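The lines below spell out each chain.
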Amino acid sequence: SSRFGKYTELHYNPQGTICGCSIKQYLLEKSRIVTQQENERNYHIFYEMLVALDDSQKQKLALTTADQYNYLNQGQVVKIPAKDDVEDFNRSIRAMEVLSFKPVEQESLFRVLSAILHTGQCQFVTANQNGLEAADVENRGELTIVAGLLGINADELRENLCNKSQVTRGEKIVTPLDKAAATDTRDALAKALYSNMFSWLVTRINSIVDKKNKSRSIGILDIFGFEDFRVNSFEQLCINFANENLQFYFNEHIFKLEQLSYEKEGISWKKIEFEDNQACLDLIAKRPVGILHILDDESNFPKGTDESFGQKCVAQHKSHKYFLAPKTKQPVFGVQHYAGGVWYQVEGFLDKNRDTLRDELRELIKSSSSQFISHLLSEAAAAAANPASSANKSAAQTSRRRPTVAALFTESLASLIQTMSLCQPYFVRCIKP
């Protein structure tokens, strides 16, 4: 749950017997797919697959060992002591078999996982194109493997990784990307493939275990805790915003409502004082100038930058009780959360919020000869990936612009709190020493 939030609802029939369940997932940590900090691994399934598949399967997918892959070796932890990757992989396979996953679905999952690893192996060099510096793929062999695994044309993949196109007044204009932009495009493709595959898995599991005939239910929320790292970014702000909401919900039920019931029953007790964190929630998300709304405005502004986002936050909120403004002109800002102050580095905020895979790459994946892979980036798959989308259409979703990560997360979080408010809550607070 430290890498994504999970709400599992157990369904009961009128006789009190479990008759099914459903799962919703929140804010998968996508950055881990392409970069890891020291002493950290990528998602376990990659390492498990590489040690558990037999030689013929690995040869079919052109796989070697974990230490060879750029997306797996950055944290310099290929093996975790006391973790049996082979056994854990076999447990995952058995779980898929129990849930009646078709062999072609299992095979497709491994093809996508392998394609992601090979995508990370694609390196770029700077070439000259019509007098302009332009990126080109250095190792075409890896590119060919990626295209083969995804069932798409290798030349078209190279074209879309190294160039961007836009239509202006009916004319298509192709602009070459520099080395850094091409690398970002490559990483965006890897993240889109993994996150959409993860969403497909959740939807597929729900299609099997959710019988749609519940009479009563018990919901279990297992979600990321408050985070404060050496470097905090957009993901930490979203996670901590979720925790602020849960703390508000906790306060509401444990203090406000309980004490109201004490008063009604005439019980004599000493009133407990607690910190109301509504002002902190407003700082982060209240329209029109909450931090996340400033972020969305900058993300939708063509000339918006991480620096301009940070500057606008400071200008708007420097006198706010819960906002921490830097003493010198630094690309950071802080929020005084209920659990303590956290400083956020603004670098990367806009890209992470946009989370955009360019339309031409999306269309290329949708042209895949594999039905499974072509469906991954379709509109239907995108709708299934957002747990709030069917229940709560926002203006952002109905507009022509693709909704931002912050907008989708805020909406799904509101949907979660609304669902929880219909329940009788019990809390298990875990503290990491």
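Everything below is about the structure printed above this text.
Residues numbered from 1 in each chain as written. Predicted model: local features only at pLDDT ≥ 70, side-chain atom pairs only at ≥ 80, totals over all residues. Heavy atoms only, no water.

Participant: Just to check I follow, could you spell out the pairing of strand S5 (residues 163–168) for this structure?
Facilitator: One face of the sheet, then the other: side chains in a regular strand alternate in exactly this way. Relative to strand S6 (residues 171–176), S5 runs antiparallel, the two sharing six bridges. What sits directly across from glutamine 166, in S6, is isoleucine 173. Hairpin remark: S5 followed by S6, antiparallel, with two residues in the connecting loop; positive phi at arginine 169, about 50 degrees. (Pairing = 2+ DSSP bridges. Helix = DSSP H or I, 4+ residues; strand = E, 2+ residues; numbered from the N terminus.)

Participant: Explanation requested: the sheet that holds strand S10 (residues 340–345) in the structure shown.
Facilitator: Sheet strands line up and pair through hydrogen bonds in the backbone, either parallel or antiparallel. Spatial strand order, S8-S9-S10: three strands in an open sheet with antiparallel pairing. For this open sheet the edge positions go to strand S8 (323–324) and S10, each flanked by a neighbour on one side alone. In this fold helix H9 (residues 234–264) packs onto strand S9 (332–337) and S10, with an angle of close to 150 degrees to the strand it touches most, S10. (Contact = heavy atoms within 4.5 Å. Axes fitted to C-alpha atoms, helices over the stretch in contact; angles between N-to-C directions.)

Participant: Help me understand the packing of aromatic side chains in this model?
Facilitator: Under the definition given, this model contains 18 aromatic pairs. Relative to phenylalanine 198, the ring of phenylalanine 4 has its centre 4.9 Å away and its plane inclined at 70 degrees; by these criteria the two rings are edge-to-face. Of the two residues, phenylalanine 4 sits in the segment before strand S1 (5–12) while phenylalanine 198 sits in helix H8 (residues 179–209), which places them 194 residues apart along the sequence. In this structure, phenylalanine 4 and phenylalanine 198 share a single accessibility class: buried. An aromatic cluster is defined as three or more aromatic residues linked by ring pairs; in this entry it consists of Phe234, Phe309, Phe323, Phe333, Tyr344 and Phe349. Seen from the ring of tyrosine 47, arginine 41 lies directly overhead, with NZ or CZ sitting 4.1 Å from the centre. (Phe/Tyr/Trp six-rings, centres within 6.5 Å; stacked < 30°, edge-to-face > 60°. Buried < 20%, exposed > 50% of the residue type's maximum accessible area, 1.4 Å probe, protein only. Lys NZ or Arg CZ within 6 Å of the ring centre and 35° of its normal.)

Participant: Any chance you could explain the side chain of serine 368 here in plain terms?
Facilitator: Relative to the elements of secondary structure, serine 368 occurs in the loop between helix H14 (359–366) and helix H15 (371–376). The residues touching serine 368, leaving out its near neighbours within four places in the chain, are Leu150, Gly151, Ile152, Ile373 and Ser374.

Participant: I keep staring at unusual backbone geometry and nothing clicks. Help me out?
Facilitator: As a rule of thumb, non-glycine residues mostly have phi less than zero, and peptide bonds are mostly trans rather than cis. For the peptide bond that leads from arginine 287 to proline 288, omega is 0 degrees, which places it in the cis range. By the element assignment, proline 288 lies in the loop between helix H10 (278–285) and helix H11 (291–300). Here glutamine 76, not a glycine, exhibits a phi torsion of approximately 60 degrees, which is positive. You can see glutamine 76 is positioned in the loop between helix H3 (55–60) and helix H4 (85–98).

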